[in-house]
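These are the residues of each chain, in order.
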Amino acid sequence: MLSHIQREIAGAAPMQAARTVIQNVSRRGFLKGGAAFALAVQFLPGEAEAFVSYKHGGLEMPNGVVNNPLVFVSIARDGTVTIVAHRSEMGTGSRTSIPMVVADEMEADWSRVKIVQAEGDEKKYGNQDTDGSRSLRHHIQPAREIGAAMRHMLEQAAAQQWQADIADVQAVGHQVIHKSLGARLSYGELAEAAMALPVPPRAELRFKDEKEFRYIGKGQVQIVDLHDITTGKAVYGADVNLPGMLTAVVARPPVVGGKVKSFDAAAARAVPGVLHVVEIPGNGIGSKFKPLGGVAVVARNTWAALQGRDALAVTWDDGLHGKASTAEQEKALRASAGAPGDPVRDQGDAEAALASAARVFTREYYQPHMAHAAMEPPVALASVKDGKCELWACVQSPYGTRVDVADFLGMKEEDVTVHVTLLGGGFGRKSKCDFVMEAAYLSREVGAPVRVQWTREDDIRHCFYHTTSVEKIDIGLDANDKPVAWRHRSAATSILSTFAPDEGKQLSIEIGMGLEDMPYEIANVRAEQCKGFAHTRVGWYRSVSNIPRAFAIQSITAELAHELGRDEKDFLLEMIGTPRKLDWQAAGLPQQFWNNGEPYEEFPIDTGRLRNVVELAAAKAGWGKSLPPGEGLGIAVHRSFVSYIAMVVHAKVGSDGSVTVPEVHAAIDCGFVANPERVRSQMQGACVFGMTAALYSRITLENGAVVESNFHDYDMARASAFPEVVHTHIVEHPFAVHATGVGEPGVPPFLPALTNAIFNASGKRIRNLPVGDQLRA
């Protein structure tokens with residue numbers, strides 16, 4: 001996401017001491033299949049064809065992709081294979097799945113693999129922005145190439161030692177075997193010679209046939225950090241310590257762009273343990289990820305820092321946004337969506353078709369700002385000395401952090417090192433490195449290592465918030481109640497306001513998340529973006545603008561089905577229309593529409609796949625079955641991150657307005673699946689995340705400041721409110737069907753599937769998020 005945004009703004013076409021090295025702690029064999037290495041040898045076909053490579057968006061990302069095995073793989077004399085993970089780990093499993101692909105293709109025994117985390121260095125590792133549901137999508141091909149190249153080098157080293165033809169040797173199960181003689185050399189015995197060989201060209205590589213995969217696609221490899229996470233040994237941002245380290249907390253302006261007027265430094269310093277009080281320069285909306293500014297209290301421990309901050313008695317000049325309120329912003333967005341905007345898609349003549357329609361069905365949907373509220377608040381440790389800056393942080397974009405910190409401190413990029421810890425949730429918030437810049441600035445100012453710790457209140461009140469939007473849709477119906485026109489007007493605050501002066505317009509990335517790429521088969525379609533101005537920092541959030549778009553589109557579809565007395569699932573399929581690959585030109589889309597950053601010829605909008613997940617989820621859920629009063633099923637579907645997900649939610653609405661979800665059926669088509677276990681996990685997580693977003697999430701501005709502060713007033717779905725069971729149905733594909741996104745696309749269809757189910761259970765329609773107390777009215 002970060003890289004795409006920076007490219008668009010630029011006008012481009014599409015640890016030494018205490019170093020955090022997080023290792024694989026689960027080495028007791030490959031779960032149910034590890035013993036196969038010692039029991040059986042199965043040679044790959046001598047003429048196994050290489051998989052057909054395909055273009056993908058990773059090739060156009062800043063610093064692209066790297067497939068050099070000498071960058072990512074090393075082998076020790078004892079046979080330990082070390083694989084570098086260059087993507088950040090926040091629960092999606094990329095730190096496991098990409099190395100797993102490498103290990104499988106190189107015939108490494110997973111129980112003898114160690115994972116180390118890369119520092120932020122895209123010139124070495126390629127793009128490292130861990131967002132946009134792109135890790136496997138962009139790196140499964142390079143991972144296979146890395147593994148196959150390493151296997152070839154091991155085979156070549158063995159052939160040279162035996163003075164044999166390379167065709168007579170083959171790597172199998174962490175050793176190379178002479179096929180004629182039966183002689184064997186372990187990877188450890190071949191390590192030095194193999195690692196000294198040049199990397200072979202791709203044309204010389206022999207790739208596994210899919211039936212030869214040991215790990216890929218099996219779903220039996222759990223995340224490498226699972227044992228450490230569950231036993232409390234995992235290293236997160238707050239777990240790194242350095243000798244002489246100090247802790248800081250920051251009093252930030254309650255209104256974005258606000259400035260310090262006065263503060264009582266002496267009172268803060270009077271708190272035992274407080275050593276320094278430092279003012280941080282302020283930055284407002286449009287300054288990318290630079291700190292908000294404020295006053296930092298640096299102390300020997302966190303408690304002293306917090307007490308010192310409480311004693312500061314800061315007074316603020318609230319500045320330009322000091323009068324902003326959520327109520328007024330909502331009114332402005334509704335007014336904007338109620339008037340013509342700038343067209344972003346124009347197919348047929350929607351205006352004429354609406355004017356001549358037998359009737360027009362109109363609905364409007366609202367979503368407020370939302371905070372990510374990851375379980376781990378932002379935290380970073382910095383040590384600036386001798387002209388160098390070393391950082392330890394829970395960041396999604398380590399190289400972006402390196403570049404931004406260097407710029408903020410006026411240092412050279414090569415003088416900044418970023419070590420990545422595990423992330424206790426990210427959701428896009430930790431792509432923004434303001435908290436890391438705070439730590440680096442304070443370390444330089446006080447001359448000691450400094451850890452900046454955000455509290456929950458800091459996190460909720462000073463976030464980069466999910467957009468707030470109004471989505472207004474008009475559907476024109478003919479005399480037979482067939483939809484003949486569709487007009488969608490979207491007024492929303494934009495991520496662009498974080499990077500540049502706010503003109504109230506959305507990025508093409510945001511427009512491409514369900515607005516311009518709506519897949520329904522309707523003759524006349526018009527999509528418009530309407531102005532929405534930001535009064536706080538806006539950033540990407542899990543699934544970004546797909547959330548309000550899916551909520552609006554799938555809600556109005558269900559509403560119209562009810563209005564017409566139609567079955568919701570059948571009407572949804574009718575709206576999707578015939579199975580086809582959407583012709584972007586005939587659909588009135590611009591030539592460079594976003595398509596999640598992927599080349600359209602390889603990743604087209606395929607309504608056949610969209611229909612299939614609807615039918616699959618509905619069949620598995622028993623759509624149409626009779627339910628007791630107060631219960632209902634809801635259905636929704638959405639394509640995002642080039643994946644297709646449909647959900648059927650079973651909801652119960654109590655007499656007190658409480659909502660529980662006994663069951664969810666999620667059908668996902670994400671192309672070839674490398675790690676089904678992670679797909680199931682992400683669909684479950686999406687449902688829990690979606691419960692919070694749908695039922696509770698709302699950030700309220702009053703006089704420019706955020707009202708909510710912690711989980712007592714920014715509520716989260718507790719375990720008692722989680723969906724009781726989430727059934728994930730994965731559409732299986734061979735490797736030739738390109739892998740697509742998994743981490744984010746489960747969220748958008750969950751919200752409207754839930755609210756549609758709530759209507760079917762209670763008769764109360766939800767058009768404004770969150771549900772909150774609307775069912776108690």
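Not measured: the values here are computed from a predicted model.

**Thoughts on the overall build of the protein chain**
Moving on, step 1. When you go through the protein chain residue by residue, the secondary structure sums to 22 helices and 26 strands.
Moving on, step 2. Its C-alpha atoms give the protein chain a radius of gyration of 27 Å, within 12% of the compact-globule value 28 Å for 777 residues.
Moving on, step 3. Projected onto the principal axes, the alpha-carbon positions of the protein chain cover approximately 80 × 75 × 50 Å.
Moving on, step 4. Counting only residues that meet the buried cut, the protein chain has 63% of its 777 residues in that class.
Moving on, step 5. In the form shown here, the protein chain has an accessible surface area of approximately 27500 Å², with 49% of it arising from carbon and sulfur atoms.
Moving on, step 6. Side chains of the protein chain give 79 positive and 90 negative charges; the mean places of these two sets differ by 2 Å.

**Concerning the sheet that holds strand β6 (residues 184–186)**
Moving on, step 1. Across the sheet, which stays open at both edges, the three strands sit in the order β4-β5-β6 with antiparallel pairing between neighbours. With partners counted over all chains shown, the strands left at the sheet margins are β4 (169–171) and β6, one partner each. Within the sheet, the average angular offset between the axes of one strand and its neighbour, ignoring direction, is 20 degrees.
Moving on, step 2. Alignment of β4 against strand β5 (residues 175–178), held across three bridges, turns out to be antiparallel. The residue bridging Ala171 from the neighbouring strand is Val176, located in β5.
Moving on, step 3. Packed onto the sheet, helix α7 (residues 187–195) meets β4, β5 and β6 and runs at close to 75 degrees relative to β6.

**Focus on the packing of helix α19 (residues 568–576) against helix α20 (residues 607–621)**
Moving on, step 1. At their nearest, the axes of α19 and α20 sit 10 Å apart, and the two run at 175 degrees to each other. Comparing their axes, α20 and α19 come out roughly antiparallel. Together, Lys569, Leu572, Leu573 and Ile576 of α19 and Thr607, Leu610, Arg611, Val614, Glu615 and Ala618 of α20 make up the contact between the two elements.
Moving on, step 2. In terms of residue class, the contact of α19 with α20 is built from six nonpolar, one polar and three charged.

**A word on the sheet that holds strand β1 (residues 73–75)**
Moving on, step 1. Taken together, three strands build an open sheet; the order of strands is β1-β2-β3 and the sheet is mixed. This sheet does not close on itself; its edge strands, each paired only once, are β1 and β3 (113–117). Geometrically, the sheet is characterised by an average inter-axis angle of 25 degrees between neighbouring strands, direction not taken into account.
Moving on, step 2. Of the strand pairs in this sheet, β1 and strand β2 (residues 81–85) are connected by three bridges, and their pairing is antiparallel. Considered in β2, the bridge of Val73 is made with Ile83.
Moving on, step 3. Where α7 meets the sheet, its contacts fall on β1 and β2, and the angle it forms with β1 comes to roughly 125 degrees.

**Concerning the pattern of salt bridges**
Side-chain pairs of opposite charge can arise where the charged atoms are in close proximity.
Moving on, step 1. One pass over the structure, following the stated rule, counts 49 salt bridges.
Moving on, step 2. Notably, a salt bridge pairs Arg767 with Glu559, separated by 2.8 Å at the nearest N-O pair. Placement of Arg767 in the segment after α22 (747–762) and of Glu559 in helix α18 (residues 546–564) is noted, with a sequence separation of 208 residues between them.
Moving on, step 3. Classification of Arg767 by relative accessible area gives partly exposed; the value is 28%.
Moving on, step 4. Among the charged side chains, a network of salt bridges with common partners joins Asp346, Glu351, Asp474, Arg487, Arg489, Arg526 and Glu528.

**Some points on the pairing of strand β18 (residues 469–477)**
Moving on, step 1. Buried residues dominate β18, accounting for nine of its nine residues.
Moving on, step 2. The alternating pattern of β18 places Ser469, Glu471, Ile473, Ile475 and Leu477 and Val470, Lys472, Asp474 and Gly476 on opposite faces, both of which are buried.
Moving on, step 3. As judged from the nine bridges shared by strand β13 (residues 359–367) and β18, these two strands associate in the antiparallel manner. Of the residues in β18, the one forming a bridge with Arg363 is Ile473.
Moving on, step 4. Strand direction decides the pairing type here: β18 and strand β19 (residues 483–492), joined by nine bridges, are antiparallel. Bridge pairing in β19 places Gly476 opposite Ala485.
Moving on, step 5. Counting the residues that bridge the hairpin from β18 to β19 gives five residues, and of these Asp481 lies at a positive phi of roughly 65 degrees.

Parameters and conventions
Residues numbered from 1 in each chain as written. Predicted model: local features only at pLDDT ≥ 70, side-chain atom pairs only at ≥ 80, totals over all residues. Heavy atoms only, no water. Helix = DSSP H or I, 4+ residues; strand = E, 2+ residues; numbered from the N terminus. Rg over C-alpha atoms; globule rule 2.2 N^0.38 Å. Buried < 20%, exposed > 50% of the residue type's maximum accessible area, 1.4 Å probe, protein only. Areas by Shrake-Rupley, 256 points an atom, 1.4 Å probe, with all protein chains shown as cover. Lys, Arg positive; Asp, Glu negative; His and termini not counted. Charge placed at Lys NZ, Arg CZ, Asp CG, Glu CD. Pairing = 2+ DSSP bridges. Axes fitted to C-alpha atoms, helices over the stretch in contact; angles between N-to-C directions. Contact = heavy atoms within 4.5 Å. Parallel < 35°, antiparallel > 145°, perpendicular 65-115°, else oblique. Nonpolar A, V, L, I, M, F, W, Y, C, P; charged D, E, K, R; others polar. Salt bridge = Lys/Arg side-chain N within 4 Å of Asp/Glu carboxyl O.

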